[in-house]
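Survey of secondary and tertiary structure
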Amino acid sequence: MTQTNPGSAPDIRAAQLKEQPTAVVRETVPMDALREFFGRAFSAVMGAVQEQHVQLAGPPFALYRGTPTDVVDVEAGFPLAAPFTNPGGADTAVIAGILPAGQGYEAMHIGPYESLQHTYSAIMARMRQDGANPGVAMWEYYLTDPGVEPDPAKWQTLVVWPVA
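Strand order in this open sheet of eight strands is 1-6-8-7-3-4-2-5, and the pairing throughout is antiparallel. Either end of the sheet is taken by a strand with one partner, and the two such strands are strand 1 (12–17) and strand 5 (94–99). On average, each strand axis in the sheet is tilted by 35° relative to the strand beside it, whichever way the strands run. Sheet topology note: the strand 7 (residues 137–142)/strand 8 (residues 156–162) ladder contains four bridges and is antiparallel. Among the inter-strand pairings, Glu140 is bridged to a residue of strand 8, identified as Val159. Of the strands in this sheet, strand 2 (20–30), strand 3 (61–65), strand 4 (71–79), strand 5 and strand 7 touch helix 1 (residues 34–52), which is tilted by about 35° from strand 4. Strands strand 1, strand 3, strand 6 (102–110), strand 7 and strand 8 of the sheet are contacted by helix 2 (residues 116–130), whose axis makes an angle of about 35° with strand 8.

If you want it as C-alpha cells, here you go:
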C-alpha cells in the first residue's frame, strides 16, 4: 500500500492482485444515495457472514462497474477468508462475489471521499503512461471508519484499479 499527503499527487504503484472471495450487496444506486446504500449493505453483509461463521479477511470495500454518472453499478461488502454460500431460497440481498486476480494499480487516497476523483485521475494518467488499459471495474477499501475518525482530512481509502 502506498500513501500520499492531502493535496499532493498520490503515490501509485503497479500491483499483482490476488483473487479474493467476498460477500456483497449489489445495486444500481444514485450517486447521492451511496452513503445510505453503504450503511445498509455493510450491515446486511455483516449479519449474513456472521450467520455462516465466515471470517472477514479485510476492511469494507465497494466495487464499481463502468463509468459512474448520476447512478453507479456498485457492490459493497467485505473480503472473506473463505467463500460465502448464497443462501438457497432465502430472501436476502447478500450474495457471493469475487475480487478478481490480475495486474492492476493501487494508490492510497487520504482525505474526504468527495476528492477521490483526483486519485482516480492520477491512476488513469499512470496507466496511460505505462501503456495499460483500465479494466471495467475498480474498487475502494475503506480503511478509516468515519464513525471513529470524524476528520475527513484523515480518512484513508485504498483505490485499486485492475487493467484490462
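Before going further, it helps to spend a moment on the packing of aromatic side chains. Under the defined criterion, the tally for this structure stands at eight aromatic pairs. Ring centres 5.6 Å apart and planes at 75° place the aromatic pair Tyr113 and Tyr142 in the edge-to-face group. With Tyr113 in the loop between strand 6 and helix 2 and Tyr142 in strand 7, this pair connects stretches of sequence that are 29 residues apart. Look at Tyr113 and you get partly exposed, because its relative accessible area is 24%. Take Tyr142: its relative accessible area is 10%, and that puts it in the buried class. By the ring-pair criterion, three or more aromatic residues cluster together here, those being Phe37, Phe38, Phe42, Phe78, Tyr113, Tyr142 and Trp155.

Parameters at a glance
Residues numbered from 1 in each chain as written. Predicted model: local features only at pLDDT ≥ 70, side-chain atom pairs only at ≥ 80, totals over all residues. Heavy atoms only, no water. Pairing = 2+ DSSP bridges. Helix = DSSP H or I, 4+ residues; strand = E, 2+ residues; numbered from the N terminus. Axes fitted to C-alpha atoms, helices over the stretch in contact; angles between N-to-C directions. Contact = heavy atoms within 4.5 Å. Phe/Tyr/Trp six-rings, centres within 6.5 Å; stacked < 30°, edge-to-face > 60°. Buried < 20%, exposed > 50% of the residue type's maximum accessible area, 1.4 Å probe, protein only.

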